[in-house]
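Observations on the model geometry
Below, each chain spelled out in residue letters.
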Amino acid sequence: MGTPQAESRLAAGEGLRGHIRLLGGLMSRRSIMASALLVLSSVSCAAEQGPSFGARSDHVEDTGWDGFYDPVSWLRDYWTSTHDACEPPEPFEYSFNEYEVSDRCKDALAADLKVDLVSFSRGAGTQGTLFNLLADAYYLLGRDQGSVDDLALLDDTLDLYHVRDPFIGQVELVAAELGHSEVRQAVYNLVMSTILITKSGSSSGSSAEFHFDTRTLRWNGGGTGWAGGALTLVHESAHGWQNRRHTRCPEGHTVDGTDYSGEWVCDEDWGGAWGFHAASARLMLKGASVEEPDHVENIQDILERATAFILED
Amino acid sequence: MLWLIFTTLACTSNPTDDSAGDTGSDCISGEPSDHLGIEMVYICPGRFTMGSPEDEVGRQVVEPQHEVRLTRGFYMGTQEVSWRQLEAFMDGEINWYDDVGDLGHVAFRLSAFDAELAANAMSAAAGLPPCYTCTELNPGNPECALAEAWNTLYDCPGYRLPTEAEWEFASRAGSQASFATGGDLLPESEYDCSGKLRLDDGSWLDHFAVYCNIMEGDDNWDSSERLRMPATKQPNTWGLYDMHGNVMEWVADHFDTYEEGELVDPWVKDDYPVDYGRSIRGGSWFNSPSKLRSAARYWDSPYTRAPVYGFRLARSD
C-alpha cells in the first residue's frame with residue numbers, strides 16, 4: 001500500500017482513499033497545499049506490442065530532490081528537443097503508430113519522463129504499457145492548445161473554451177521563465193519538469209499516483225485514450241507542482257452516479273489538479289479537429305467529469 | 001608494407017586477452033556443426049567486459065560495464081531460427097501464428113515461452129533432456145520455467161535460449177566496441193537511418209545489419225517480406241549472422257540492473273516471478289543504429305508476441 005499520506009492517486013473505478021502529507025519548505029509562487037486522487041476509467045486504447053526502447057537519462061536514480069518546494073527552479077525546456085525528435089504533424093494528428101514512430105522520438109519521450117525501465121519490466125509491465133505512456137506524452141507534446149497570449153481572452157465563463165486564472169497564471173509563469181509562446185510548450189515542460197522519475201504500477205492499484213517526497217510518477221494505465229492519459233499527466237504533475245491535495249467531497253456529491261460523499265477527491269476551486277485537468281482539456285478540445293469526433297467526444301467526457309469534482313461555481 | 005603488417009597485428013590482438021582463449025576468439029571450432037538442420041558454432045569459455053562504456057554513442061543507463069566469466073563452452077546458432085527449421089523439429093506444429101508467409105523467413109511473433117517450447121521440441125528430437133517444463137495456459141499459449149532437473153540453465157545439456165551474457169559474448173566476437181566489426185557509432189549517428197551509415201572503423205552498418213527498415217535502393221522492396229530473411233548480411237568473425245538487427249532475440253534472463261563485480265556464469269532468473277520482463281537483444285529491422293549495439297538491452301513481457309521478436313538457440317557443451 002505504500003505511504004498513502006505521501007501519494008496522490010488517480011484511481012480506476014471506485015474512489016479513492018488516503019490523505020496527503022503536507023510538505024514543508026519553500027513556497028512556490030503559486031499555492032501550496034496537499035494531494036489528490038481522482039477517478040477515471042481505465043485505459044481503453046491498446047497499442048500493439050512492439051519493439052523495445054528506453055530512456056537514456058542518466059539521472060533516473062539521482063532524483064536531485066532536496067525536499068523543498070521551489071517548482072520554478074525545476075523548470076527545464078524538454079519540449080523543444082523532443083519536438084524536434086518526434087516531429088509531430090502540424091496540425092496534429094491523433095496517431096502514434098508503433099512502427100512509424102522513430103526510436104529517437106520514443107527515446108526522447110522516455111527520457112523526458114525519466115522512465116525507470118526495470119520498474120516497467122516487472123509484473124504486468126510490458127512494452128505495450130510503456131508505449132501507451134509514451135503515446136500519452138506524445139499527445140501532450142503535439143496537441144495544439146493555443147497561444148499563451150490568447151489565454152487571458154479565454155478567462156470568461158461565457159466562453160465555450162474558458163479557462164480560469166490559476167491555470168492561466170501558471171502557464172504564463174512557465175512560459176515566461178522558458179520563453180515559450182505556446183501553451184502546449186509550457187504545459188509539457190511543467191509536466192516533465194515536475195516528474196523526477198516514472199515507475200510502473202501503483203501501490204493502490206490506481207491508474208496513476210504522484211509521490212510527493214520523491215516526485216515520482218507511478219503509472220498504471222493513466223486515463224481513457226491518449227488524450228485521457230495526457231490529461232492525467234497534467235493532473236498528476238499539477239499536484240506535484242503545487243503540492244496541493246484534494247479536499248473531501250461534500251455529502252451527497254455524486255459523479256457519474258457514484259457517491260463521493262466524504263471522499264478526498266474534490267477540489268474547492270479551479271486552482272487544484274482538477275482545474276488544470278479541465279483547463280487543459282478545454283484547450284485540447286479547442287485544438288482538436290472536427291474530423292476526430294470520437295476523440296472530441298472522449299475529451300468532452302473527460303472534461304465533464306473533471307469539472308464535476310470542482311466545487312467552486 | 002609495415003603499415004599493412006601493423007594493421008594485421010592490431011586486428012588480431014585483443015586488449016582484454018589475459019590468457020589464451022579468454023575471449024573465445026581462439027577456440028571457435030572452425031566449422032559450424034549441424035544440429036538437426038540448425039547450424040551452430042562452438043564458443044569456448046571466456047571472459048569479457050559486458051555492457052558499454054559511459055561515452056559509447058547511443059548508450060543506455062541500464063548497460064553499466066562489468067566483467068563476466070563464462071566457465072562453460074556453448075553452442076550458438078549461427079542464424080535466427082526460421083519457420084522452416086521450426087517446422088522440421090516441431091513436426092509441423094507451428095500453431096502460434098497462422099500467417100507465417102515464406103517458411104524461409106525468420107520465425108517472428110514469438111513469445112519467450114514459444115521459443116523455449118521450441119527449444120524443448122528440438123531437444124526431444126535430438127534425444128536430449130528438456131531444459132524447460134512447459135505448461136499450456138490455454139490452447140497455443142505456453143508458459144515455461146527451468147526444469148527441476150537443473151540447478152541452473154547452464155547445467156542443461158539440451159537446447160535452450162542463450163543467457164544474456166552468452167548472447168553479448170557471442171555478439172561481440174572478441175570486440176569491445178559497439179559492433180562486432182570493432183566499430184562504434186560516430187556522434188549524432190545513433191538515429192541515422194539514411195542507409196549509408198559508416199562506423200568509426202570505416203565499416204558500413206548495412207553490410208552486416210538489417211535495420212531502420214532500409215530498402216537498400218530497391219524501391220519495391222517489401223520489408224515485411226524480405227527484411228526478415230536470415231543471414232542476408234555478413235556474419236561476425238565467429239560466423240554468427242544477424243546479431244545486429246533483423247529481429248530482436250529473446251534471451252534467457254529476466255531484465256534487471258546488472259550486479260556489480262565480476263559475474264561468473266550469470267543468469268538472472270532465481271527468485272523472479274515468471275511474468276517479469278525478459279531481456280531481448282540485438283535490435284531489429286525496425287530499430288535505429290543505437291539499438292543494434294552489442295550492449296544494447298531491451299525487455300518485454302515473456303508472453304508478448306511482437307512482429308519483431310524471434311530467437312536463436314544455444315546449448316551447453
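As a starting point, this report considers the structure included with it. Just so we're clear, the structure is a prediction, and the values are computed from it rather than from any experiment. (Residues numbered from 1 in each chain as written. Chains lettered and ligands numbered in written order. Predicted model: local features only at pLDDT ≥ 70, side-chain atom pairs only at ≥ 80, totals over all residues. Heavy atoms only, no water.)

**Let's talk about the overall build of chain B**
Of regular secondary structure, chain B possesses five helices and 14 strands. With 317 residues in all, chain B has 59% of them scored as buried. Taking contacts inside chain B between residues at least 6 apart in sequence as the whole, the part at least 24 apart equals 68%. Accessible area of chain B: about 12600 Å², with a carbon and sulfur share of 50%. (Helix = DSSP H or I, 4+ residues; strand = E, 2+ residues; numbered from the N terminus. Buried < 20%, exposed > 50% of the residue type's maximum accessible area, 1.4 Å probe, protein only. Contact = heavy atoms within 4.5 Å. Areas by Shrake-Rupley, 256 points an atom, 1.4 Å probe, with all protein chains shown as cover.)

**Regarding unusual backbone geometry**
The linkage connecting A:Glu90 with the following residue, A:Pro91, adopts the cis geometry, with an omega of 0 degrees. Mapping A:Pro91 onto the fold places it in the loop between α2 (79–86) and α3 (103–113). Even without glycine at this site, B:Glu188 takes up a positive phi of about 70 degrees. Within the element layout of this structure, B:Glu188 appears in the loop between α4 (164–172) and α5 (223–226). Unusually for a residue other than glycine, B:Asp265 sits at a positive phi of about 45 degrees.

**Here's the deal with the packing of aromatic side chains**
All names here are of chain B. Applying the stated criterion across every chain, the model contains 17 aromatic pairs over all chains. Aromatic pair Trp83 and Phe108: ring centres 6.1 Å apart, planes at 70 degrees, arrangement edge-to-face. Taken together, the residues Trp83 in helix α2 (residues 83–89) and Phe108 in the loop between α2 and α3 (112–126) connect sequence positions 25 residues apart. Here Trp83 and Phe108 have matching classes, each one buried. The ring of Tyr258 has Arg297 sitting right over it, with the charged end atom 4.1 Å from the ring centre. (Phe/Tyr/Trp six-rings, centres within 6.5 Å; stacked < 30°, edge-to-face > 60°. Lys NZ or Arg CZ within 6 Å of the ring centre and 35° of its normal.)

**Some remarks on the sheet that holds strand β10 (residues 263–264) of chain B**
Residue and element names in this part refer to chain B. The strand order across the open sheet built from three strands is β3-β4-β10, with neighbouring strands paired in mixed fashion. Pairing within the sheet leaves two strands with one partner each, and these edge strands are β3 (46–50) and β10. Examined bridge by bridge, β3 and strand β4 (residues 66–70) share five bridges and lie antiparallel to one another. Bridged to Gly46 within β4 is Leu70. Its contacts with the sheet put α4 on β3 and β4, and the angle it makes with β3 is roughly 90 degrees. (Pairing = 2+ DSSP bridges. Axes fitted to C-alpha atoms, helices over the stretch in contact; angles between N-to-C directions.)

**Re the nonpolar core**
Within the largest apolar cluster, 85 residues are counted, with the highest numbers of intra-cluster contacts made by A:Phe96, A:Leu109, A:Leu113, A:Leu140, A:Phe167 and A:Leu233. Among the elements that line this core, the one with the most residues is helix α5 (residues 127–142) of chain A, at ten residues. Membership of the second largest hydrophobic core comes to 69 residues, among which are B:Val68, B:Tyr258, B:Phe286 and B:Phe311. (Core = buried A, V, L, I, M, F, W, Y, C linked by side-chain atoms within 4.5 Å.)

**Regarding the state of the cysteines**
In total, this model carries five disulfides over all chains according to the counting rule given. The disulfide that involves A:Cys86 links it to A:Cys105, with 2.0 Å between the sulfurs. Between A:Cys86 and A:Cys105, the S-S torsion sits near 95 degrees, and that sign places the bridge as right-handed. Here A:Cys86, found in helix α2, pairs with A:Cys105, found in helix α3; they are 19 residues apart in sequence, far enough to count as distant. The partner cysteine of B:Cys131 in its disulfide is B:Cys156, sulfur to sulfur 2.0 Å. Classification of the bridge connecting B:Cys131 and B:Cys156 rests on its S-S torsion, roughly -90 degrees, and on that basis the disulfide is left-handed. Of this pair, B:Cys131 sits in the loop between α3 and β6 (132–138) while B:Cys156 sits in the loop between β7 (141–146) and β8 (159–160), placing them 25 residues apart in sequence. (Disulfide = S-S within 2.5 Å.)

**Notes on empty space enclosed by the protein**
Residue and element names in this part refer to chain B. This structure, assessed with the given rule, holds four cavities of 30 Å³ or more. Forming the boundary of the largest cavity are Glu116, Tyr132, Cys144, Ala145, Leu146, Leu153, Ala252, His254, Trp267, Lys269 and Arg278. The set of elements that each furnish at least two residues to the lining of the largest cavity consists of β7 and β9 (248–254). Here the element with the most residues in the lining of the largest cavity is β7; it accounts for three residues. In terms of residue class, the lining of the largest cavity is built from seven nonpolar, one polar and three charged. (1 Å grid on protein atoms, 1.4 Å probe; cavity = no way out; pocket = protein on both sides within 12 Å on 5 of 7 lines; lining within 4 Å. Points joined across faces, edges and corners; volume = space filled by probe spheres on them. Nonpolar A, V, L, I, M, F, W, Y, C, P; charged D, E, K, R; others polar.)

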